[in-house]
Amino acid sequence: MSASIDAAPDRAAEVRKYWASDVVLADGRVVQVRPLGQDDLVSVRALLDGLTPQSIRMRFFSPRAPSDVELAKMLDVDYRDRFTLGVEMAGELIGMGSYHYDRERASAEVAFTVADAHHAQGIGTLLLEHLVAAALSNGIQRFDAHTLGDNRQMLDVFRHAGFAVRRSLDAGVFDLEFDLSIPADGAVEERERIAETRSVARLLAPNVVAVIGASRTPGTVGNAVVVNICENGFTGIVHPINPNAASIRGLKCYPSIADVPDNVDLAIITVPASAVAGVLGECGEAGVHGAVILSAGFAEVGAGGHGSEAALVRLARRYGMRLIGPNCVGIINTAPDVSLDATFAPTKPVRGNVGFVSQSGALGIAVLEAAESLGLGISSFVSLGNKADISGNDLLQYWEDDPATDVALLYLESFGNPTKFNRLARRLSRRKPIVAVKSGRSEAGQRAASSHTAALATDDILTDTLFRQAGIIRVDTLAQMFDVTRVLVHQPLPAGRRVAIVGNSGGPGILAADACSNAGLTVPELSKTTRTALAALLGPHAAVRNPVDLLASADAAQYEQALRLVLADEAIDAVIVIYTDPMISEPELIVDAVRRAASSTPHKTMLACFLARDLPPAIELAAPVESVESTESVDGTDAVPRARWAIPVFPFPESPAVALGRVAELATWRSRPVGTVVIPEGYDGAAVRDVVRDALGTASERDTSSGEPTSGQPTSGWMQPEQLRTLLAAAGISMVPQAVVGSAAEAATAAATLGLPVAMKVIAPDVLH
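Residues numbered from 1 in each chain as written. Predicted model: local features only at pLDDT ≥ 70, side-chain atom pairs only at ≥ 80, totals over all residues. Heavy atoms only, no water.

As for the overall build of the protein
- Helices and strands together make up the secondary structure of the protein, namely 24 helices and 28 strands.
- Each of the 769 residues in the protein was classed as buried or not, and the buried ones make up 51%.
- Here the analysis covers contacts within the protein between residues at least 6 apart in sequence; of these, 71% occur between residues at least 24 apart.
- Carbon and sulfur atoms provide 55% of the accessible area of the protein, an area that totals close to 34500 Å². (Helix = DSSP H or I, 4+ residues; strand = E, 2+ residues; numbered from the N terminus. Buried < 20%, exposed > 50% of the residue type's maximum accessible area, 1.4 Å probe, protein only. Contact = heavy atoms within 4.5 Å. Areas by Shrake-Rupley, 256 points an atom, 1.4 Å probe, with all protein chains shown as cover.)

As for the packing of aromatic side chains
- By the definition in use, this model includes 8 aromatic pairs.
- The interplanar angle of 80° and the centroid separation of 6.0 Å between the aromatic rings of W19 and F83 together place this pair among those described as edge-to-face. With W19 in helix α1 (residues 12-19) and F83 in strand β3 (residues 82-89), this residue pair connects regions lying 64 residues apart in the sequence. Take W19 and F83: they sit in the same class, and that class is buried.
- Centre to centre, the rings of F143 and F178 are 6.0 Å apart; their planes meet at 75°, and the pair counts as edge-to-face. You can see F143 sitting in strand β6 (residues 142-148) and its partner F178 sitting in strand β8 (residues 173-179), a full 35 residues away along the chain.
- Overall, the relative accessible area of 0% leaves F143 in the buried class.
- Its relative accessible area of 1% is what places F178 among the buried residues.
- Linked through ring pairs, W19, F83, Y99, F143 and F178 together constitute an aromatic cluster. (Phe/Tyr/Trp six-rings, centres within 6.5 Å; stacked < 30°, edge-to-face > 60°.)

Quick notes on unusual backbone geometry
- In this chain, G325 is followed by P326 through a cis amide linkage whose omega measures -5°.
- In this structure, P757 follows L756 across a cis peptide bond, with omega equal to -5°.
- Among the structural elements, P757 can be located in the segment after α24 (744-754).
- A positive phi is found at F61, a non-glycine position, where the angle reads about 55°.
- Taking relative accessible area as the criterion, F61 reaches 38% and is therefore assigned partly exposed.

Details of the sheet that holds strand β15 (residues 322-324)
- Read from one edge of the open sheet, 5 strands run β10-β9-β13-β14-β15, paired in parallel fashion. Both edges of this open sheet fall to β10 (237-241) and β15, since each of them pairs with a single strand only. Neighbour-to-neighbour, the strand axes of the sheet open up by a mean angle of 20°, direction not taken into account.
- Relative to β10, strand β9 (residues 208-212) is paired through 5 bridges, and the arrangement is parallel. Note on β10: the bridge partner recorded for V209 is V238.
- Lying on the sheet, helix α7 (residues 187-204) is in contact with β13 (266-269), β14 (290-293) and β15; it crosses β15 at an angle near 60°. (Pairing = 2+ DSSP bridges. Axes fitted to C-alpha atoms, helices over the stretch in contact; angles between N-to-C directions.)

What about the confidence of the model for the protein?
- Averaged over every residue, the pLDDT of the protein is 86; residues scoring 70 or more account for 89%.
- Residue range residues 445-458 is modelled with pLDDT below 50. Its contacts to residues more than four positions away, or to other chains, number 33 contacts.
- The low-confidence segment residues 627-643, where pLDDT is below 50, has 43 contacts with residues more than four positions distant or belonging to other chains. (pLDDT = per-residue confidence, 0-100.)

Describing the environment of D690
- Among the structural elements, D690 can be located in helix α22 (residues 685-705).
- Here the alpha-carbon distance between D690 and A730, two residues 40 residues apart in the chain, equals 9.5 Å.
- Within polar-contact distance, the side chain of D690 engages the side chain of R693 at 2.7 Å. (Polar contact = N/O pair within 3.5 Å; in protein donor to acceptor, adjacent residues only side chain to side chain.)

Considerations on the packing of α7 against helix α13 (residues 418-429)
- Packing of α7 against α13 leaves a shortest axis separation of 13 Å and a crossing angle of 85°. What the angle tells us is that α7 and α13 run roughly perpendicular. Across from E189, E192, R193 and E196 in α7, the residues of α13 making contact are K420, R423 and R427.
- When the residues that make up the contact of α7 with α13 are grouped by side-chain class, the tally is no nonpolar, no polar and 7 charged. (Parallel < 35°, antiparallel > 145°, perpendicular 65-115°, else oblique. Nonpolar A, V, L, I, M, F, W, Y, C, P; charged D, E, K, R; others polar.)

Observations regarding the sheet that holds strand β21 (residues 434-438)
- Taken in spatial order, the 7 strands line up as β17-β16-β19-β18-β20-β21-β22 in an open sheet, and their pairing is mixed. The two strands at the open ends of the sheet, each matched to only one other strand, are β17 (340-343) and β22 (473-474).
- Examined bridge by bridge, strand β20 (residues 407-412) and β21 share 5 bridges and lie parallel to one another. Bridge pairing links L410 to A436 in β21.
- Contacts from α7 reach β16 (330-333), β17 and β19 (378-383), with the element oriented near 95° to β16.

Description of the nonpolar core
- By size, the foremost hydrophobic cluster in this structure holds 50 residues, and its most contacted members are F356, V435, M481, V484 and L488.
- A per-element tally of this core places helix α21 (residues 654-671) first, with 8 residues.
- Here V435 is in contact with V407, A408, L409, L410, I473, V475, M481, V484, T485 and L488, once residues within four sequence places are set aside.
- Residues F421, A425, A436 and I472 belong to the second largest nonpolar core, which totals 47 residues. (Core = buried A, V, L, I, M, F, W, Y, C linked by side-chain atoms within 4.5 Å.)

Here we look at helix α15 (residues 460-470)
- Regarding α15, the residues found buried are D460, T463, L466, F467 and A470. Along the axis of α15, the buried positions cluster into a sector of 120°, meaning they face one direction only. Exposed and oriented more than 90 degrees from the buried face of α15 are I461, L462 and R468.
- Residues of α15 that are buried in the fold lie against α13, β21, β22 and α21.
- Directly beyond the C-terminal end of α15, a positive phi value near 75° is found at G471. (Arc of directions from axis to C-beta.)

A look at the pattern of salt bridges
- Scanning the model with the defined rule gives 30 salt bridges in all.
- A salt bridge links D389 to R317, with the nearest nitrogen and oxygen atoms 2.8 Å apart. In this pair, D389 is assigned in the loop between β19 and α12 (392-400) and R317 in helix α10 (residues 303-318), connecting sequence segments 72 residues apart. As far as burial versus exposure is concerned, D389 and R317 are alike and both buried.
- With a shortest N-O distance of 2.9 Å, R474 and D464 are connected by a salt bridge. Of this pair, R474 sits in strand β22 while D464 sits in helix α15, placing them 10 residues apart in sequence.
- Overall, the relative accessible area of 8% leaves R474 in the buried class.
- On the basis of relative accessible area, D464 is assigned to the partly exposed category, the value being 25%.
- Connected through shared salt-bridge partners, D22, R317, R322, D389 and D394 make up one network. (Salt bridge = Lys/Arg side-chain N within 4 Å of Asp/Glu carboxyl O.)

Written as structure tokens, this is what we have:
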């Protein structure tokens, strides 16, 4: 049996830190999971002393709990063959689980204890998931357990764990065993999804909100938040907290959160940074579910701020709270049964079907203002700020099941957990489009991101690759983000990349055709049938191959009929219609013609460009058209049907082409088979982790020797060739024959030995390409 962690006494603290984590329960509360040892004997004794006789019998097959001496032996763990984890809430141990490996049987016996007051909350399942992870890292491949036949709760834990459990009943005792090397059937991810969704919902849909730092002074953050909550129709109760005011906007003020008579669900904290920790502690004592910290002055200001921010997270975890921020603008939920605007943004949010998360507060405010002018409504908005706790991953989980959200917008400066982000985004993109602006492309942008919201810069090549794999539509500018979003909100995804361009002037049509080509779209020649019908309609001087030039004299009837003919062409997936006012036709009639033609073929994508005309951002259809993406069955899930209300209108011919190209990328991604995860023969997870830790340690040493500042944590870096070979071998991936040479002559000899052709690569830390 291999072990990925050396648990010698001098590294016991490191092992405990490695396996400690904060986890969201199924009801949205947060608990701490950490390894237990003999120094936890008092807490374990308190847990057991609080159990009912029935629970003691179920756990120990005896009317009494173990003595202190017996407990001390149980807690004498080595973190390899014997491992014990505890679950704490508000500093109290509410559950524990352990495994004990038997080398002769090549199996580890696993057992759990959960406080009676916390049964049916997923504690046992949570412990099992984490013990499985620890066991696998130590090379353990099988668990077994023994439970009384009437212990339904523990049997449910194993039944819902997602593993293939074999069980037998003997003398009233179930003997259970399951192979850890066979992946669970998705139960772990499903539990995580439900838990994180509920934790976000507790923040976005509160019944009682307290604004701590509320102010009567106009122009202050504390005043703006109270005003927005009151004026935007919040359906719940709001309590201003200010020890120096009797009331604000007719609402009674309370000196502190402890004085509020209601059970507060959400606290909006606007006090100075130095007072945030004290206020957050008071919220925890008062049983507040979560907090949005608008205050700045934490990780974004430097090393000292990092420590203060980490302390806030630890404090929140102690009380099972979740945090948004700090250094953020706030949150919005436009659902009619909530109507919460807990921000200091000056724009009143418009209800719609777009979810938006932003790491930048100021940019978030600007986007809210622009969205209103473009006719895009918001379902929910979260300003993440420094992302001390709640991140974009949490919002992806929430939006997946949110019926009010059809499209997700992301402005990101960093990734907290790229692997999890990729997994969640892949799943969401199958059902709902994700549009992302990821800043920090340049070196200067990465420097700015690190000082703006304490973001850690991510290599842009890695970001592009991650987005492509996850089906995320990446845009370069905010203008492109709005253009793409309008297409996604109002139009169906194109079935392919074949575009027809129909307009009444040649120049704009040519520009649109060039833009389509640059965007990865094609502008194919129309079918002979379509060309013949267009020629009969438009006369000999019109261009009918594609782009279609209707000529300046085209009237509304010709526009409508030409569009109907092009939309009916089976060689066309989408249409861009362009109108330039020749001063001899009536634009309003052209708009009506476009509307009627689009309604005739609702399953095809149509975008419009009206040059130099002051028109609304979209041509509304007479009635919504239900449309479902044609790729809904690729992964066995149902796509989300959405009402198509309008045709987006753009001021210039290049814009719809660029937006359509990005949207077509999503359609192409969805059309590909999902595939299956392949575990190569010979894969050794523990060995892989060893190589990665060694590589991270090498990178840290390299930074230290070069004089680069370090945070004390392992830093990332490019792996050395020998490390890469070791990593791939541990993963069960073979490499082509190779040799390391030091001169041209050695290269020639090696090439002759290996056999031509060969590829050559420079091994130098400063030469990556």
